[in-house]
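# Observations on the model geometry
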Amino acid sequence: MKVLLAVSGGIDSMYMAEKAPELFPGACFAIAHCNFGLRGEESDGDEAFVREYAARKGLPVFVKRFDTRAFAAEGGLSIEMAARELRYAWFDSLCEAEGFDCVAVAHNADDNAETFLLNLVRGTGTRGLRGMGDRGRIVRPLLGTSRAEIRGWMSAEGHAWREDSSNASPAYKRNRLRGEVIPVLKEMNPSLLPSLRGTMEHIAQVDDIAEDYFRSVKDSVCNGNMVSIRSLLALAHPRYVLFRLTEPVGLTESALDNLWDLINSGRQVGGRVFYGQRGAVKGRPKWRLEIIIDKSC
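First, a word on what this report is: a plain description of the structure on this page. Residue numbering note: each chain is counted from 1, following its sequence as written. Local features in this predicted model are restricted to residues of pLDDT 70 or higher, and side-chain atom pairs are both shown and tallied only at a pLDDT of 80 or more, whereas totals for entire chains, interfaces and linings draw on every residue. The basis for every side-chain value is the complete set of non-hydrogen atoms in the structure, without hydrogens or water.

## So, the sheet that holds strand S9 (residues 279–284)
Strands pair, by our definition, only if DSSP identifies at least two bridges between them. Helical segments are the DSSP runs of H or I of at least four residues, strand segments are the runs of E of at least two, and each set is numbered from the N terminus. Taking strand neighbours across the sheet as the criterion, the 5 strands line up as S6-S7-S10-S9-S8 in an open arrangement whose pairing is antiparallel. Among the strands making up the open sheet, the edge pair consists of strand S6 (222–223) and strand S8 (273–276). As paired elements, S8 and S9 share 4 bridges and run antiparallel to each other. Note on S9: the bridge partner recorded for Phe274 is Val281. Whether two residues are in contact is decided by their heavy atoms: any pair within 4.5 Å suffices. Here an axis means a line fitted to C-alpha atoms, over the contact stretch when the element is a helix, while the angle between two N-to-C directions is reported on a 0 to 180 degree scale. The sheet strands contacting helix H11 (residues 253–265) are S8, S9 and strand S10 (288–293), and the helix crosses S8 at an angle near 160°.

Here it is, written out as structure tokens:
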């Protein structure tokens, strides 16, 4: 088994690199490092640190430099989302070119809880509350390990890591959640991390059931990108199926509510258009909806 370790130089990824032989017994390893160029000399210092570590351990190392700000501006993305898209696309290409079976990333139990709470605050469906988990080639072996456990072990063993100064910036919502909100929640529930992990597991089970239901009924209401409103309304859970069918379009919650109210009222839909971030839903004659996805988005 060939495992690509995504190593930033921070404490979590260095812990994962040190623990890799235990996490993936018998595997062969290489290191991938992304230099997003967002922190000037500090970013270059991270790269040098990871290169030196890989050389000391005798591990192959792959490094990619990105113009993250330009990519974000071109795509209208946040810096965080741009970095995410860049790194995972590069990881995929490395796996294809070098024959890696998986990419290990160092998200821990605290990261998982933070993502759950961020998605909850933003507003999301059940899939946004499932927690991180493994996705395709991406594996997350540290989701059962807390940040405190990682720091305790690294300090006790005398291993080095790099501190990311941006982790202290209140400009990032995750940092405010980490520094201001989660400590209060942990006072209310000292077992916050395992409690949230159990909740995410339950939500994932419910989401799997909902996904099975959606797949079982989709073909009964859809013909290509055309949706039969009468067939939709005959289902046991039409509102959920409408949400799933229109999800690729990126309707706002209010637009989805307006669309649902219209078709549920029995009024004609022909000529009505509901625009989303990635396309539109158009009312057509004969009680049909056309789902149009903008391929350029």
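On we go.
## With respect to the pattern of salt bridges
For salt bridges, the criterion is a side-chain nitrogen of Lys or Arg within 4 Å of an Asp or Glu carboxyl oxygen. A full pass over the atoms with the stated rule returns 31 salt bridges. We note a salt bridge from Arg178 to Glu114, for which the minimum N-O separation is 3.0 Å. Remark: Glu114 occurs in helix H5 (residues 109–122) and Arg178 occurs in helix H7 (residues 173–188); sequence separation between them is 64 residues. Ionic pairing is found between Arg130 and Asp208, a salt bridge with its closest N-O pair at 2.9 Å. One end of the pair, Arg130, is in the loop between H5 and strand S5 (138–139); the other, Asp208, is in helix H8 (residues 192–221), with 78 residues separating them in the sequence.

## What to know about the pairing of S9
The hairpin turn running from S8 into S9, its antiparallel successor, is 2 residues long. Pairing of S9 with S10, which is carried by 6 bridges, proceeds in the antiparallel orientation. From the neighbouring strand, Val281 faces S10, where its bridge partner is Ile291. Counting the residues that bridge the hairpin from S9 to S10 gives 3 residues, and of these Lys286 lies at a positive phi of roughly 65°.

## Section: the packing of H5 against H8
At a closest axis distance of 10 Å, the pairing of H5 and H8 adopts a crossing angle of 60°. In this view, H5 runs oblique relative to H8, as classed from their interaxial angle. The crossing of H5 and H8 is left-handed. Contact with H5, carried on its side by Ala109, Asp110, Asn112, Ala113, Phe116 and Leu117, involves Leu193, Leu196, Thr199, Met200 and Ile203 of H8 and no other residues of that element. In this classification, Asp, Glu, Lys and Arg are treated as charged, Ala, Val, Leu, Ile, Met, Phe, Trp, Tyr, Cys and Pro as nonpolar, and every other residue, Gly included, as polar. Tallied by class, the residues present in the contact of H5 with H8 amount to 8 nonpolar, 2 polar and 1 charged. By the definition adopted for this analysis, an angle is roughly parallel if under 35 degrees, roughly antiparallel if over 145, roughly perpendicular if from 65 to 115, and oblique otherwise. In this scheme the handedness of a crossing depends on how the near helix is turned from the far one: anticlockwise by less than a right angle means left-handed, clockwise means right-handed.

Taken by themselves, the reported measurements are silent on function.
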